[in-house]
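# Fold and geometry: a report
What follows is the residue order along each chain.
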Amino acid sequence: MNDFSDINHARRDLLIAGALSATAAAVPSMADAQPAAGPANPAPIHAGVSLKVNGKAEHLELDTRTTLLDALREHLHLTGTKKGCDHGQCGACTVIVDGRRLNSCLTLAVMHDGAQVTTIEGLGSKDKLHPMQAAFIKHDGYQCGYCTPGQICSAVAVLDEIKQGIPSHASADLNAKPLLNADELRERMSGNLCRCGAYSNIIDAITEVAGRTA
Ligand code: FES
Ligand code: FES
């Protein structure tokens, strides 16, 4: 090996050592990446929540991360309200809170302290069906039934929205009372998915109740 080759090797080793030390300096170690302080799994925080559910006063001590859906199903055992996607995409968990429908999987129970909540169990009973429940049966508005509690809660609230004059995306004139037609109903019910595809029968059921009540 000549002197020139020795110099090249020494230069190459120097460059490699320099690159390694520069990388080590630029990339923080795992220890550096950890948060400065605090336990890895902070203890859950609990809070008291008072709700009036289907006319009955309820008080729960809940982990503040509990959704309204889980409060209803897991804590109050009102399993009529269904968990479909748990991501706000299917409408199976729809309930009526202070007169407005909402996806109970997308909201925390603690946000509704003092609220009035109506679930499918509160709309009617086996012996005394709500007109919307009766119409869904009459028009075959379901097959497996999984989406049905959400569909019915939504449909009841939809008719109330129309009665109050609240426009939808399908309303042609935002200043006029919304029409009670199939386009309006389809648009307003578009957040409630039905894997069984009972949509046309659902619209028939809602239309019948709308005719009775509007
Ligand atoms: S379960 Fe809430 S929207 Fe699907
Ligand atoms: S009836 Fe089966 S998902 Fe709607």
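Definitions and cut-offs
Residues numbered from 1 in each chain as written. Chains lettered and ligands numbered in written order. Predicted model: local features only at pLDDT ≥ 70, side-chain atom pairs only at ≥ 80, totals over all residues. Heavy atoms only, no water. Helix = DSSP H or I, 4+ residues; strand = E, 2+ residues; numbered from the N terminus. Areas by Shrake-Rupley, 256 points an atom, 1.4 Å probe, with all protein chains shown as cover. Pairing = 2+ DSSP bridges. Buried < 20%, exposed > 50% of the residue type's maximum accessible area, 1.4 Å probe, protein only. pLDDT = per-residue confidence, 0-100. Contact = heavy atoms within 4.5 Å. Arc of directions from axis to C-beta. Axes fitted to C-alpha atoms, helices over the stretch in contact; angles between N-to-C directions.

What follows concerns the overall build of the protein chain. In terms of regular secondary structure, the protein chain is built from eight helices and five strands. Helices and strands appear in the protein chain in the N-to-C order α-α-β-β-α-β-β-β-α-α-α-α-α. Carbon and sulfur atoms form 56% of the exposed surface of the protein chain, whose accessible area is close to 12900 Å².

Turning our attention to the pairing of strand 4 (residues 100–103). Summarising the sheet, strand 3 (residues 94–97) and strand 4 pair through four bridges and their orientation is antiparallel. Paired with Ile-96 across the strands is Arg-101, a residue of strand 4. Hairpin connection, strand 3 to strand 4: the antiparallel pair is bridged by two residues, and Asp-98 has positive phi, about 50°.

As a further point, take unusual backbone geometry. With a phi angle near 50°, Asn-54 is a residue other than glycine that sits in the positive phi range. We classify Asn-54 as partly exposed; its relative accessible area is 28%. Even without glycine at this site, Asp-140 takes up a positive phi of about 55°. Within the secondary structure layout, Asp-140 lies in the loop between helix 5 (131–138) and helix 6 (148–163).

Turning our eyes to something else, we now look at the confidence of the model for the protein chain. The predicted model of the protein chain averages 87 in pLDDT, with 80% of residues at 70 or higher. Across residues 1–5, confidence stays below pLDDT 50; counting only partners more than four residues off in sequence or on other chains, it has two contacts.

When helix 5 is considered as a whole, its buried residues turn out to be Met-132, Gln-133, Ala-135 and Phe-136. Burial along helix 5 is one-sided: seen end-on, the buried residues are contained in an arc of 165°. One or two residues past the end of helix 5 sits Asp-140, with phi positive at roughly 55°.

Looking now at the sheet that holds strand 2 (residues 56–63). Pairing within the open sheet is mixed, and its five strands lie in the order 2-1-5-3-4. Bordering the open sheet on either side are strand 2 and strand 4, each of which pairs with just one other strand. When strand polarity is set aside, the average angle formed by the axes of neighbouring strands in this sheet is 40°. Lying on the sheet, helix 3 (residues 68–75) is in contact with strand 1 (46–53), strand 2, strand 3, strand 4 and strand 5 (116–118); it crosses strand 2 at an angle near 110°. Its contacts with the sheet place helix 6 against strand 3, strand 4 and strand 5, and it is angled at close to 40° to strand 3.

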